[in-house]
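A look at the structure
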Amino acid sequence: MRKLFCSFFISLAFIAVGRAQVKPIGDSNAIVLLNQQIDNYVVQANVKALQDLYADDFVFSHGSGRVEGKKGWFTSVAKGGFLLRQHDSVTVEMHPGTAIVRGKLMVQKKNAAGISRYQLKYVRVYAQRNRQWKLISHITFWEYHEPGNG
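Quick look at the structure, then. Model, not experiment: these values are computed from the prediction. (Residues numbered from 1 in each chain as written. Predicted model: local features only at pLDDT ≥ 70, side-chain atom pairs only at ≥ 80, totals over all residues. Heavy atoms only, no water.)

**A closer look at the pairing of strand E4 (residues 98–111)**
Two strands pair when backbone bridges link them, and strand E3 (residues 82–95) and E4 are joined in this way by 11 bridges, in the antiparallel orientation. Note on E4: the bridge partner recorded for His 95 is Thr 98. Here E4 runs beside strand E5 (residues 114–129); their pairing, made up of 14 bridges, is antiparallel. Following the sheet pairing, Gly 103 is matched in E5 by Tyr 122. Taking the residues between adjacent antiparallel strands as the criterion, E4 and E5 are bridged by two residues. (Pairing = 2+ DSSP bridges. Helix = DSSP H or I, 4+ residues; strand = E, 2+ residues; numbered from the N terminus.)

Structural data, given as structure tokens:
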């Protein structure tokens, strides 16, 4: 009987631990999808679609150290040239009205010298404004350019 009780108790403990580790997925999944959709629009050079997804006070801190706002970034996007911007290893940390996103981004960009391929690691911050998620910050903290490409 004692063995049965111990087995039952241990099973309940595993169930409780498992439930405690389950994250609410609704908002975080929506953020992951939005995060990729934003970069799909960047590849399409669709500044009009991006307009409502970026906050007016958006700040982009590039891996090179250059910092620009929404207007400067949209000028670059409008020029086109991005062939791929694909996210990988994305995690979302949810807070009331704020989402902190960490991930990797593989980029291919056409330029005068050919096609530049690089990867970067980033932190992005989204804030809920007027019941809509908006990108307020992108910080590249690691960047690797493949040798021998444009």
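After that view of the structure, there is still more to cover.
**Some points on the pattern of salt bridges**
Evaluation of the coordinates by the stated rule reveals six salt bridges. Taking the shortest distance from any N to any O, the salt bridge between Asp 56 and Lys 70 comes out at 3.2 Å. Of this pair, Asp 56 sits in strand E1 (residues 54–61) while Lys 70 sits in helix H4 (residues 70–78); the two residues are 14 residues apart in sequence, bridging distant segments of the chain. The buried category is assigned to Lys 70, whose relative accessible area is 8%. A network of salt bridges, in which partner residues are shared, links Asp 39, Arg 85 and Arg 124. (Salt bridge = Lys/Arg side-chain N within 4 Å of Asp/Glu carboxyl O. Buried < 20%, exposed > 50% of the residue type's maximum accessible area, 1.4 Å probe, protein only.)

**Thoughts on the packing of aromatic side chains**
Going through the model one piece at a time under the given rule, you end up with six aromatic pairs. Their ring planes at 65° and their centres at 4.7 Å tell us that Phe 60 and Trp 73 sit as a pair that is edge-to-face. A residue pair is termed long-range when its members are at least 10 positions apart, and Phe 60 in strand E1 and Trp 73 in helix H4 qualify at 13 residues. This pair shows no difference in class: Phe 60 is buried, exactly as Trp 73 is. (Phe/Tyr/Trp six-rings, centres within 6.5 Å; stacked < 30°, edge-to-face > 60°.)

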